[in-house]
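# Observations on the three-dimensional arrangement
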Amino acid sequence: QVQLVESGGGLVQAGGSLRLSCAASGSIFSIYAMGWYRQAPGQQRELVAAISSGERTNYADSVKGRFTVSRDNAKNTLYLQMNALKPEDTAVYYCARYSGIWWGGRPAYWGQGTQVTVSS
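Throughout what follows, the structure given in this document is the object of discussion.

## Side note on the pairing of strand β3 (residues 18–25)
Note that strand β1 (residues 3–7) and β3 share five bridges and pair antiparallel. Pairing of Leu4 across the sheet is with Ala24, part of β3. The pairing of β3 with strand β8 (residues 77–82) spans six bridges and is classified as antiparallel. Note that in β8 the partner of Cys22 across the bridge is Leu78.

Okay, here's the thing in C-alpha cells:
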C-alpha cells in the first residue's frame, strides 16, 4: 500500500530555515502530483505547495518567495525547503499524494505529519 513518511520538522527561531522530506513507497512516485499541507491548532488544513509529475509548482500566497517544493523521483522523495520562517508558519505539516499528474481535489493519500514550530 501507499506510505508517505515525513521528516525534518522541529523547533526553529523566526527567520530560520528547515527542510522537510517525505519518503514515498507503494506506488510509482514519478507519475503522481504531490503536495504539502499544514494545519495549525483550531484551523483548517491548507495547501502550502504542490508539484505536478512534470514538476510544475503551485504555492499558497503566504509562502511564495520563502518556500520551495521539489521532488527527487530517483529517491521517491518530496521536499519542502522553508526559509525566512515566521511564527505563523507553526503547524503540523503533511505530505500528500494526488490521484493524477496534476494537483487538484482532495489528495488520495496522506502522511502522518511532522510538527514545525517557529519561535519569535
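Additional details are given in the paragraphs that follow.
## Observations regarding the sheet that holds β3
The sheet built from four strands is open, its strands ordered β1-β3-β8-β7 with antiparallel pairing. The sheet is open, and its two borders are formed by β1 and β7 (67–72), each paired with just one other strand. Sheet twist, expressed as the mean angle between neighbouring strand axes with direction ignored, is 15°.

## Quick notes on the state of the cysteines
Summed over the entire model, instances satisfying the criterion amount to one disulfide. Shown here is the disulfide that connects Cys22 with Cys95, its sulfur atoms set 2.1 Å apart. As the torsion about the S-S bond is roughly -70°, the Cys22-Cys95 disulfide counts as left-handed. Of this pair, Cys22 sits in strand β3 while Cys95 sits in strand β9 (residues 91–97); the two residues are 73 residues apart in sequence, bridging distant segments of the chain. Side by side, Cys22 and Cys95 carry an identical accessibility label, which is buried.

## Considerations on the nonpolar core
With 28 residues, the main nonpolar core has Trp36, Leu78, Leu80, Met82 and Tyr93 as its most contacted residues. Elements with a contribution of two residues or more to this core: β3, β4 (34–39), β5 (46–51), β7, β8, β9 and β11 (114–119). Ranked by residue count, the leading element in this core is β3, at four residues. In terms of nonpolar packing, the next biggest core, distinct from the first, is built from six residues, Ala33, Ala50, Tyr94 and Ala96 among them.

Conventions used here
- Residues numbered from 1 in each chain as written.
- Predicted model: local features only at pLDDT ≥ 70, side-chain atom pairs only at ≥ 80, totals over all residues.
- Heavy atoms only, no water.
- Pairing = 2+ DSSP bridges.
- Helix = DSSP H or I, 4+ residues; strand = E, 2+ residues; numbered from the N terminus.
- Axes fitted to C-alpha atoms, helices over the stretch in contact; angles between N-to-C directions.
- Disulfide = S-S within 2.5 Å.
- Buried < 20%, exposed > 50% of the residue type's maximum accessible area, 1.4 Å probe, protein only.
- Core = buried A, V, L, I, M, F, W, Y, C linked by side-chain atoms within 4.5 Å.

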